[in-house]
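Structure at a glance
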Amino acid sequence: MNLDARRVIARNVLEGRHGFQFRWDSWTQAHDALESLSKSTAGAIVMVRGPVGAGITSLLGAFVAAHSTKVIAVRHDIFLSRVNLVDRVQQRVFPSCEFGWLKRVPKSLVEFVKLTGRRTIVVDDADIISHDKNSAEVIIDDMLKFALSDAEMLVIFSTRRVPLQNLFCKIKSVQTADISLSGSLTAQNWVDLKDQFCHWADSRYGLNIREHAEDLFATAIGSLEIAQAMSTLEVLYCAALLCDQMPATKLETLETEDLKWEVQRVAYG
């Protein structure tokens, strides 16, 4: 493969456009917890949280895909920043309806849920719905409206916003569940991550990088956050991909930041 083609691949990898998502024990436990909660018929509110890169979006995406006929996935629209959650759900179910800044769950929506069984609402990153200092209270209040309605809906939302997390913890009127994904990797997680990522990237780009750069990928860690680990692994992969354009010194002897700079120099130079 010529240098230009390898540089294109390197830029895709460094910018996180490789499409890889690591699913380790924390992700699997969270997935199992959501599956268990989805079997309940009582109204409830579930919060999913974790650090950047922990896999929350992929977790909720996998849940929605597995329960597509039972879920109402709320999407965000930057042009509707002041529309509340009740309106957003209503519009997802009845696309032709107009936004009315609804203060309660409409009877039509309750009947729809009872007829179709689509009683689970999923909101990935509820922070985006926020628009003023009181928005956390408004969001929690809207979620309670769904859980306490005659449809007894299950609301699943993710957030990294502390005020929203704190208000969630004060809910007493309905069942709640707090699902937290860990962002810290063990040494074994790191080994698994390297194996899975290299296999994914090699398969996607038609390469065989890992086999020809074992020394470079021998990096060991104690405890590392998933986002930092992925960034490190992306740099290592690109260093192996562009090794013939890198400094004469052994790549594995370079500090991570120095290696990253050299990789970026070649990939974007």
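Fair warning: this is a prediction, and the values are worked out from it, not measured in the lab.

**Concerning the packing of aromatic side chains**
A complete count under the given rule lists six aromatic pairs for this structure. Residues phenylalanine 20 and phenylalanine 197 carry aromatic rings whose centres are separated by 5.4 Å and whose planes lie at 80° to one another, so their mutual orientation is edge-to-face. Here the residue phenylalanine 20 occupies a position in the loop between helix 1 (3-14) and helix 2 (25-38), and phenylalanine 197 occupies one in helix 8 (residues 187-205), the gap between them amounting to 177 residues. On the numbers, 5.7 Å between centres and 80° between planes, the contact of phenylalanine 197 with tyrosine 237 is edge-to-face. In this pair, phenylalanine 197 is assigned in helix 8 and tyrosine 237 in helix 9 (residues 226-241), connecting sequence segments 40 residues apart. Take tyrosine 237: its relative accessible area is 0%, and that puts it in the buried class. These aromatic residues form a ring-pair network of at least three members: Phe20, Phe197, Trp200 and Tyr237.

**Some details on the packing of helix 9 against helix 10 (residues 256-268)**
Taken N-terminus to C-terminus, the directions of helix 9 and helix 10 make an angle of 55°; their axes are 9 Å apart at the nearest point. The orientation of helix 9 with respect to helix 10, classified from their angle, is oblique. With respect to the hand of their crossing, helix 9 and helix 10 are arranged in left-handed fashion. On the side of helix 9, the interface is formed by Ser231, Thr232, Val235, Leu236, Cys238 and Ala239, while helix 10 contributes Thr256, Leu259, Lys260 and Val263. Of the residues contributing to the contact of helix 9 with helix 10, the split by class is six nonpolar, three polar and one charged.

**Considerations on the pattern of salt bridges**
As enumerated under the stated definition, the model contains six salt bridges in all. The residue arginine 49 makes a salt bridge to aspartate 178 at a minimum N-O spacing of 2.8 Å. Of this pair, arginine 49 sits in strand 1 (residues 44-49) while aspartate 178 sits in strand 5 (residues 175-180), and the two are 129 residues apart along the sequence. The partner of arginine 265 in a salt bridge is glutamate 262, with the nearest N and O atoms 2.9 Å apart. Of the two residues, arginine 265 and glutamate 262 are both situated in helix 10; the distance of three residues between them amounts to about one turn of the helix. Its relative accessible area of 15% is what places glutamate 262 among the buried residues. One connected set of salt bridges, linked through shared partners, spans Asp141, Asp142 and Lys145.

**So, the pairing of strand 3 (residues 120-123)**
Residues of strand 3 alternate between two faces, with Thr120 and Val122 on one and Ile121 and Val123 on the opposite face, all of them buried. Here four bridges tie strand 2 (residues 71-74) to strand 3, and the two strands are oriented parallel to one another. Bridged to valine 74 within strand 3 is valine 123.

Thresholds applied
Residues numbered from 1 in each chain as written. Predicted model: local features only at pLDDT ≥ 70, side-chain atom pairs only at ≥ 80, totals over all residues. Heavy atoms only, no water. Phe/Tyr/Trp six-rings, centres within 6.5 Å; stacked < 30°, edge-to-face > 60°. Helix = DSSP H or I, 4+ residues; strand = E, 2+ residues; numbered from the N terminus. Buried < 20%, exposed > 50% of the residue type's maximum accessible area, 1.4 Å probe, protein only. Axes fitted to C-alpha atoms, helices over the stretch in contact; angles between N-to-C directions. Parallel < 35°, antiparallel > 145°, perpendicular 65-115°, else oblique. Left-handed = near helix turned anticlockwise from the far one by under 90°. Contact = heavy atoms within 4.5 Å. Nonpolar A, V, L, I, M, F, W, Y, C, P; charged D, E, K, R; others polar. Salt bridge = Lys/Arg side-chain N within 4 Å of Asp/Glu carboxyl O. Pairing = 2+ DSSP bridges.

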